[in-house]
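# Architecture and fold: a report
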Amino acid sequence: MFKLSSTLKSVLLALLAALIGYSWVVAHLGPNAGLLVIAVLVAGPVGRLVYRAKSLRSRIRRGWPELSYSLGLWQQAPLPRFDAPYEYVWPRIARMRKHPGGLDVLIGLLPGQVPEQVAQHAHGIAHAWRVHRVEVTSPRRGAVVLRAWTFDPLAKPFTATGRSPKPVRRTLRSRLRGWFGRVRALAGRCRFRLRRVAVGTRKAAASAWAASAPGLPDTGGSPEAGPPSTAAPGGSGGRGGAATEPLGQVPWRSVRIGAQEDGEPWRLRLHGTHVLVAGVTGSGKGSILWGVVRELLPGVSAGLVEIWALDPKRMELSFGAGLFTRYASDPEVMVELLEQAVDRMQERALSFAGRLRAHVPTAASPFVVVLVDELAFLTAYQPDRDLRRRAEAAIATLTSQGRSVGFCLVGALQDPRKEVMNLRNLFPDRIALRMDEAAQVDMVLGSGARERGAYADLISPDPTTGAGVGYVRNEGSPTPVRVRAAYVSDTEIEALVARYDNDSVYGVSSPLDSNPSDTSSEGGARP
């Protein structure tokens, strides 16, 4: 009752102030000015009502208690006494902050709740808020952030040469916050180096004083005061440092093949990892494979990268077979190619033993990327049991030992089930494109990936909207990132072949393959 009386008093005071103001304006400025005052007074409450009805912030705050109750996130508050009425509490909204694609809602969890309980309802929250999708992350203990995307920034396809998705526009507040965070991080790193700098300065000052002090022996040549020694070029202390010079700007460690949901470029890491790409037919696996090829071709031309392609379908990679260092499409020759990669990997590991700990591409030991278009054909669908066993052994050896010596396996498949591909855990980085079933998402990206927002089974089957769209889970981060690969057209592949086809040598495996050294065969040298 007290609250109602206070509200009535406020309304009466506001009406009285409006009447006094209207009378003064009419008396001094005329009736037209009075009509303008009335319009302003009416527009204010009406605008507020419209904002409360249409604003995402207002809808979220107004409907959060009911939504929490519907999702089962509420709890019964403890009773202060036995005859007290029952009360219910729900996770409170601590803060809302706008981001370029929507809104971030910080939620404080109740005692005993964990972020997974909220994450499993992310899809339902998105429908309740009428937004494109909702991501659930936990920045700290006892809190989760619901990132609501009001639109899909990856809805339109793009090419690498065309216009990629526009980077999201950052506000001045977010930029200042980012700069402040970087300054704090830099100060934190410098704090641990201050002691070392102080000790080094003190030693240098003491050495200089000892060298210039009269009557004291010259100690300026001590190890503490002298300049650091430099190893001779090519020596064992260089650890392959001289080999980094010819690399220049040649991409080999990671390649840019698309864009992330926040507008940042999507760089796929290759060196030091293996990549598994899973998706149904028409989901865009070819865009990822050709994106990798397109970005690695400068390294192939420089002699620092080799691309070995295995193409069981003879329809995807055969279109640019001349771009690859080695190409195979016959089952037996594909298995032999994998075994040759294993032999070469083991030879390189033996030569690096005791000398190098990190591989850097050189002309003598280039970075080798093995592309397999349909990996399941070799591990599950191959009718020859002996070939299947040899292929599984070669893939297992390559993925378990090849990372440190400069070998990367990029495999694409349609069905990620264990009976089809039982080696998927040997791939540190994985990409899930459009899937048929929700359970397949966790098969590819790991347990709980779908609860964290990787709804690969809900990607649109329309090629314009969903081809190339997927979720990436990197080795260092369990949180999946939504991305889209740039489309590589047939015209672009033809341009790449015309530019980079320099008579690469690859093994003979089918009529589509040729060997320039065997000019007597029907294929002869490639044009």
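Right above here is the structure, for reference.
Structure report, in brief. (Residues numbered from 1 in each chain as written. Predicted model: local features only at pLDDT ≥ 70, side-chain atom pairs only at ≥ 80, totals over all residues. Heavy atoms only, no water.)

### Brief notes about the overall build of the protein chain
The following threshold applies: To qualify as a helix, a DSSP run of H or I must reach at least 4 residues; to qualify as a strand, a run of E must reach at least 2; elements of each kind are numbered from the N terminus. When accessible area is computed with a 1.4 Å probe and restricted to protein chains, residues below 20% of their type maximum are described as buried, those above 50% as exposed, and intermediate ones as partly exposed. Only heavy atoms matter for contacts: two residues are in contact if any of them lie within 4.5 Å across the pair. Exposure was quantified through the Shrake-Rupley algorithm and a 1.4 Å probe, taking into account, for residues, occlusion by the shown protein chains and nothing else.
From N to C terminus, the protein chain includes 13 helices and 16 strands. Every one of the 527 residues in the protein chain was classed for burial, and the buried ones make up 41%. Taking as baseline every contact in the protein chain between residues at least 6 positions apart, the subset at least 24 positions apart corresponds to 63%. In the structure as shown, the protein chain presents an accessible area of about 29700 Å², 57% of it carried by carbon and sulfur atoms.

### Considering the packing of helix α3 (residues 56-71) against helix α5 (residues 122-129)
Applicable threshold: As a rule, the C-alpha atoms of each element are fitted with a line to give its axis, helices using only the stretch in contact, and angles between N-to-C directions run from 0 to 180 degrees. Put simply, angles under 35 degrees are roughly parallel, angles over 145 are roughly antiparallel, angles from 65 to 115 are roughly perpendicular, and the rest are oblique. Handedness of a helix crossing follows the sense of rotation of the near helix relative to the far helix, less than a right angle counterclockwise being left-handed and clockwise being right-handed. Amino acids are sorted into nonpolar (Ala, Val, Leu, Ile, Met, Phe, Trp, Tyr, Cys and Pro), charged (Asp, Glu, Lys and Arg) and polar (every other residue, Gly among them).
Across the interface, α3 lies against α5 with an axial gap of 10 Å and an inter-helix angle of 135 degrees. By the angle class used here, α3 and α5 are oblique. When you trace α3 past α5, the crossing you get is right-handed. Across the interface between the two elements, L56, R59, I60, W64, L67 and L71 from α3 touch I125, A128 and W129 from α5. Its residues assigned to classes, the contact of α3 with α5 comprises 8 nonpolar, no polar and 1 charged.

### Structural notes on helix α13 (residues 490-500)
Threshold: The directions considered for the arc run from the helix axis to the C-beta atoms.
Those residues of α13 not exposed but buried are E492, I493, L496 and Y500. For α13, the angular spread of buried residues about the axis comes to 100 degrees, placing them on one side. Opposite the buried face of α13, at more than 90 degrees from it, the exposed residues are T491 and A498. Where α13 is buried, its residues touch α7 (285-301).

### Observations concerning the pairing of strand β4 (residues 102-108)
What counts here: Here a strand pair is declared whenever DSSP counts at least two bridges between the two strands.
Counted residue by residue, β4 has 7 buried out of 7 residues, so it is predominantly covered. In this structure, strand β3 (residues 92-99) lies alongside β4, joined through 7 bridges in antiparallel fashion. Within β4, the position partnered with I93 by the bridge is I107. Once β3 ends, the chain turns through 2 residues before running back antiparallel as β4. With 7 bridges joining them, β4 and strand β6 (residues 143-149) adopt antiparallel strand pairing. Bridging from a neighbouring strand, L106 pairs with V145 of β6.

### What to know about unusual backbone geometry
Its identity is not glycine, yet R130 carries a phi of approximately 60 degrees, on the positive side. Despite not being glycine, R314 shows a phi value in the positive range, around 60 degrees. Here R314 is to be found in the loop between β10 (305-310) and β11 (326-328).

### Overview of the side chain of D104
The test is simple: Side-chain atoms alone can form a polar contact between residues adjacent in sequence; in general such a contact is a pair of N or O atoms within 3.5 Å, and within protein one must be able to donate a hydrogen while the other accepts it.
With respect to the element layout, D104 can be found in strand β4. Since its relative accessible area comes to 15%, D104 is described here as buried. Engagement of the side chain of D104 in a polar contact is seen with the side chain of R147, the distance being 2.8 Å.

### Some details on a nonpolar patch on the surface
Here is the rule: Patches here: salt-bridge-free residues with over 30% relative accessible area, like charges joined within 9 Å, nonpolar side chains (Val, Leu, Ile, Met, Phe, Trp, Tyr) joined within 5 Å. Salt bridges are defined as contacts in which a side-chain nitrogen from Lys or Arg sits within 4 Å of a carboxyl oxygen from Asp or Glu.
Taken together, the side chains of L79, Y86, Y88 and W90 make up a nonpolar region of the molecular surface, amounting to roughly 420 Å² of accessible area. With respect to the helices and strands, the residue L79 is situated in the loop between β1 (75-76) and β2 (88-89).

### Some words on the pattern of salt bridges
Where charged atoms from two side chains of opposite charge approach closely, those side chains can pair. All chains considered together, the criterion is met by 18 salt bridges. Ionic pairing is found between E135 and R133, a salt bridge with its closest N-O pair at 2.4 Å. Its relative accessible area of 17% is what places E135 among the buried residues. One salt bridge in this structure joins R269 and E475, with 3.3 Å as the shortest N-O distance. Here the residue R269 occupies a position in strand β8 (residues 265-269), and E475 occupies one in the loop between β15 (469-473) and β16 (481-485), the gap between them amounting to 206 residues. When its relative accessible area of 41% is taken as the criterion, E475 is described as partly exposed. Three or more residues are tied together by salt bridges with common partners; here these are R133, E135, D152, E261 and R482.

### Some remarks on the sheet that holds β6
Spatial ordering of the open sheet is given by β3-β4-β6-β5, a layout of 4 strands whose pairing is antiparallel. In the strand order of this sheet, the two ends are held by β3 and β5 (133-140), each with one partner. The average angle at which neighbouring strand axes cross in this sheet is 25 degrees, direction not considered. Taken strand by strand, α3 contacts β3, β4 and β6, and its axis lies near 165 degrees from that of β3. Together, β4, β5 and β6 form the strand contacts of α5, whose direction differs from that of β5 by roughly 120 degrees.

### Digging into the packing of aromatic side chains
Both the distance between ring centres and the angle between the ring planes are used here to describe each pair of aromatic rings. This is how the line gets drawn: The rule is short: rings of Phe, Tyr and Trp, with Trp giving its six-membered ring, pair when the centres are within 6.5 Å, and they are stacked under 30 degrees, edge-to-face over 60, tilted in between.
Counted by the stated rule, this structure contains 5 aromatic pairs. Considering the side-chain rings of W64 and W129, the 6.3 Å spacing of their centres and the 50 degrees angle between planes classify their relative orientation as tilted. Here W64, found in helix α3, pairs with W129, found in helix α5; they are 65 residues apart in sequence, far enough to count as distant. According to the relative accessible area criterion, W64 is buried, its value standing at 3%. Linked through ring pairs, Y69, W74 and Y88 together constitute an aromatic cluster.

### Structural notes on the sheet that holds strand β13 (residues 407-413)
Ordered in space as β8-β7-β16-β15-β14-β9-β13-β12-β10-β11, the 10 strands form an open sheet in which the pairing is mixed. The open sheet has two edge strands with one neighbour each: β8 and β11. Strand-to-strand twist across the sheet, computed as the mean angle between neighbouring axes with direction ignored, equals 25 degrees. Sheet topology note: the β10/β11 ladder contains 3 bridges and is parallel. In the sheet register, L310 faces β11, and the bridge partner there is A328. Lying over the sheet, α7 contacts β7 (254-260), β8, β9 (275-278), β10, β12 (367-372), β13, β14 (429-432) and β16, oriented at roughly 140 degrees with respect to β7. Relative to the sheet, helix α8 (residues 331-352) contacts β10, β11, β12 and β13, its axis offset from that of β10 by approximately 150 degrees.

### Observations concerning the nonpolar core
How we decide: Residue types Ala, Val, Leu, Ile, Met, Phe, Trp, Tyr and Cys, when buried and joined through side-chain atoms within 4.5 Å, form a set referred to as a nonpolar core.
Within the largest apolar cluster, 69 residues are counted, with the highest numbers of intra-cluster contacts made by V105, W129, L146 and V370. Per-element accounting of this core gives the leading share, 9 residues, to α8. When sequence neighbours within four positions are dropped, the list of residues in contact with W129 reads L56, R59, I60, W64, L67, V105, V134, L146 and A148. Formed by 40 residues, the second largest nonpolar core is a distinct cluster that contains L270, L304, I307 and A485.

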